[in-house]
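Spelled out from the first residue to the last, the chains are:
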Amino acid sequence: MPSSRNRLPPFGVAALVVAGALYPVLVYGGRALVPPLAFVAVALALIGARFAICSSPAARVWRLPLAAAAVLVGVLAALDGALAAKAYPVALSLGTAAVFGASLLRPPSLVERFARLQEPDLPPAGQAYCRTVTVVWTVWLVANAAVAGALALWGSDEAWALWTGLIAYIVMGLLFGGEVLIRRSMRRRHAGA
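The name an unreviewed UniProt entry gives the protein is Intracellular septation protein A, with Azospirillum brasilense as the organism.

Enquirer: Got a sec to walk through the overall build of the protein? Specific residues and values, please.
Expert: Check the secondary structure of the protein and you find seven helices and zero strands. The N-to-C order of helical and strand elements in the protein reads α-α-α-α-α-α-α. What you see for the protein is a C-alpha radius of gyration of 18 Å, in line with the 16 Å of a compact globule of 193 residues. On the principal axes, the C-alpha backbone points of the protein span a range of 60 × 35 × 30 Å. For the protein, buried positions account for 37% of its 193 residues. Residue pairs in contact within the protein that sit at least 24 positions apart in sequence constitute 66% of those at least 6 positions apart. Total accessible area computed for the protein in this model is approximately 10,700 Å², and 72% of it derives from carbon and sulfur atoms. The distance from the centre of the 16 positive side-chain charges to the centre of the 7 negative ones in the protein is 8 Å.

Enquirer: How would you summarise the UniProt feature "transmembrane region" (unreviewed entry) in the protein if you had to cite specific residues and measurements?
Expert: UniProt records the feature "transmembrane region" (unreviewed entry) at residues 7–26, 32–52, 64–84, 90–107, 128–154 and 160–182, using the numbering of this structure. Taken as a whole, residues 90–107 contains 89% helix and 0% strand, while its terminal C-alpha atoms sit 25 Å from one another.

Enquirer: Quick one: what's the story with the packing of helix 1 (residues 10–30) against helix 4 (residues 81–105), residue by residue and with numbers?
Expert: Viewed as axis vectors pointing N to C, helix 1 and helix 4 meet at an angle of 155°, and their least axial separation amounts to 10 Å. Comparing the axis directions of helix 1 and helix 4 gives the class roughly antiparallel. Judged by the twist between their axes, the crossing of helix 1 over helix 4 is left-handed. Every residue of helix 4 that contacts helix 1 at Gly20, Tyr23, Pro24 and Val27 is listed here: Ala85, Tyr88 and Pro89.

Enquirer: Tell me about the packing of helix 1 against helix 2 (residues 36–52), residues and numbers included.
Expert: One can describe the packing of helix 1 onto helix 2 by two numbers: an axis separation of 11 Å at closest approach and a directional angle of 170°. It follows that helix 1 is roughly antiparallel to helix 2 by the angle criterion. Listed contacts from helix 2 to Leu16, Val17, Ala19, Gly20, Tyr23, Leu26, Val27 and Gly30 of helix 1 are Phe39, Val40, Val42, Ala43, Leu46, Ala49 and Arg50. For the contact of helix 1 with helix 2, the residue count by class is 12 nonpolar, two polar and one charged.

Enquirer: Let's hear about the environment of alanine 69: which residues, and what values?
Expert: Secondary-structure assignment places alanine 69 in helix 3 (residues 63–79). Placed 24 residues apart in sequence, alanine 69 and serine 93 show a C-alpha to C-alpha distance of 9.2 Å. When sequence neighbours within four positions are dropped, the list of residues in contact with alanine 69 reads Ile47 and Ala91.

Enquirer: Explain the nonpolar core to me, and be specific about the residues and the numbers.
Expert: For soluble globular proteins, nonpolar side chains are generally found buried alongside one another. Within the largest apolar cluster, 45 residues are counted, with the highest numbers of intra-cluster contacts made by Tyr23, Ile47, Trp62, Val73, Tyr88 and Phe100. In this view, tyrosine 23 contacts Phe39, Val40, Val42, Ala43, Leu46, Ala85, Tyr88 and Pro89; residues no more than four positions away in its chain are not counted.

Enquirer: Report on helix 4, specifying residues and quantitative values.
Expert: Over its 25 residues, helix 4 extends 35 Å from the first C-alpha to the last, a length consistent with the 36 Å expected when each residue adds 1.5 Å. Of all bends in helix 4, the biggest is about 45°, found at alanine 87, and the proline proline 89 comes one to four residues later. Within helix 4, 19 of the 25 residues are buried, leaving the element largely enclosed by the surrounding structure. The N-cap of helix 4, judged by a side-chain oxygen 3.1 Å from the amide nitrogen of alanine 82 a few residues on, is aspartate 80.

Enquirer: Talk me through the side chain of serine 103; I want residue IDs and the actual numbers.
Expert: Checked against the element boundaries, serine 103 lands in helix 4. Exposure remark for serine 103: the relative accessible area of 3% places this residue in the buried category. A polar side-chain atom of serine 103 sits 2.7 Å from the main-chain carbonyl oxygen of phenylalanine 100. Those residues within four positions of serine 103 in sequence are excluded, and the remaining contacts are Pro108, Ser109, Leu110, Arg113 and Thr134.

Definitions and cut-offs
Residues numbered from 1 in each chain as written. Predicted model: local features only at pLDDT ≥ 70, side-chain atom pairs only at ≥ 80, totals over all residues. Heavy atoms only, no water. Helix = DSSP H or I, 4+ residues; strand = E, 2+ residues; numbered from the N terminus. Rg over C-alpha atoms; globule rule 2.2 N^0.38 Å. Buried < 20%, exposed > 50% of the residue type's maximum accessible area, 1.4 Å probe, protein only. Contact = heavy atoms within 4.5 Å. Areas by Shrake-Rupley, 256 points an atom, 1.4 Å probe, with all protein chains shown as cover. Lys, Arg positive; Asp, Glu negative; His and termini not counted. Charge placed at Lys NZ, Arg CZ, Asp CG, Glu CD. UniProt positions renumbered as here; feature names shortened; annotations may be inferred. Axes fitted to C-alpha atoms, helices over the stretch in contact; angles between N-to-C directions. Parallel < 35°, antiparallel > 145°, perpendicular 65-115°, else oblique. Left-handed = near helix turned anticlockwise from the far one by under 90°. Nonpolar A, V, L, I, M, F, W, Y, C, P; charged D, E, K, R; others polar. Core = buried A, V, L, I, M, F, W, Y, C linked by side-chain atoms within 4.5 Å. Expected span 1.5 Å × (residues − 1). Bend = angle between axes of the 7 residues up to and from the residue. Polar contact = N/O pair within 3.5 Å; in protein donor to acceptor, adjacent residues only side chain to side chain.

And the structure:
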């Protein structure tokens, strides 16, 4: 989550990202030894830390989705601790999708906001491209939440951990890498025209 004024130093933000990425591996590896509500406490602490770093005006857009994620995990904890322990990736994906999707309804799109940090005078074609990329990320995040949620409810622990701890990150890496290649190709074509 971007913030121009984080309360955590850069290595703290990186540690938070790594901890979130490792969360499914920890849940899977520790499920026989650690009670589910301990993982719920970790998930809520991670959400709380993310919430705390959203102090800049630009980053405050993340606060409501993070609060909703915490409520989702908390409510599930009261109903089913084991399911709540698996809800963290679902809740974060849905929250992130909400931020991306809301930016489509209230432009500029989130990707355009990021792009304007490097290119303040983004041409209309660039704005349209950024909107398309925002749509792609929104769809991916909703799909990821649906798969992770379905695996948490009906799949095996192994399948859930594999999806949320590895496959989803591979897909995100491919989406990000593919977008970078497409953007570079479009810039070359635009520069040559």
